[in-house]
Amino acid sequence: MAEISISNQEWSRVKIKIQRKYNHLTDEQLAYTEGQEESLISKLMQLVNRNREYVVFTLKKALVNIDNNRL
């Protein structure tokens, strides 16, 4: 089970932050369905060429201050 939980509403904000940091990622690549956190983490690991710990840390960081545009 994933270490994080992301709602569809939260994902819309987090996705913007991720696209700012990794501007080569498209909306299609970042498609997400609520409850599919494991799939999202695996996909992001491949897309940004980072390990699981980094991806989970980045997602948690984005969720902590959801209203802030910084990642």
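This text follows the structure it describes.
Let me begin by describing the structure that accompanies this report.

### Things to note about the nonpolar core
Step number 1: Ranked by size, the top nonpolar core spans 20 residues in total, and within it Ile-6, Trp-11, Ile-18 and Leu-59 carry the most contacts.
Step number 2: For this core, the secondary-structure elements that each account for two or more residues are helix 1 (8-21), helix 2 (37-48) and helix 3 (52-64).
Step number 3: If we ignore the near neighbours within four places in the chain, the residues touching Leu-59 are Ile-4, Ile-6, Trp-11, Val-14, Ile-18, Leu-40, Ile-41 and Leu-44.

### Some points on the packing of helix 2 against helix 3
Step number 1: It is at 9 Å that the axes of helix 2 and helix 3 come closest, and there the two elements cross at 115°. Judged by the inter-axis angle, helix 2 sits roughly perpendicular to helix 3. Regarding helix 2 and helix 3, the two cross each other, and that crossing is right-handed. Side by side, helix 2 and helix 3 meet where Glu-38, Leu-40, Ile-41, Leu-44, Met-45 and Val-48 of the first sit next to Arg-52, Val-55, Val-56 and Leu-59 of the second.
Step number 2: When the residues that make up the contact of helix 2 with helix 3 are grouped by side-chain class, the tally is eight nonpolar, no polar and two charged.

What counts as what
- Residues numbered from 1 in each chain as written.
- Predicted model: local features only at pLDDT ≥ 70, side-chain atom pairs only at ≥ 80, totals over all residues.
- Heavy atoms only, no water.
- Core = buried A, V, L, I, M, F, W, Y, C linked by side-chain atoms within 4.5 Å.
- Buried < 20%, exposed > 50% of the residue type's maximum accessible area, 1.4 Å probe, protein only.
- Helix = DSSP H or I, 4+ residues; strand = E, 2+ residues; numbered from the N terminus.
- Contact = heavy atoms within 4.5 Å.
- Axes fitted to C-alpha atoms, helices over the stretch in contact; angles between N-to-C directions.
- Parallel < 35°, antiparallel > 145°, perpendicular 65-115°, else oblique.
- Left-handed = near helix turned anticlockwise from the far one by under 90°.
- Nonpolar A, V, L, I, M, F, W, Y, C, P; charged D, E, K, R; others polar.

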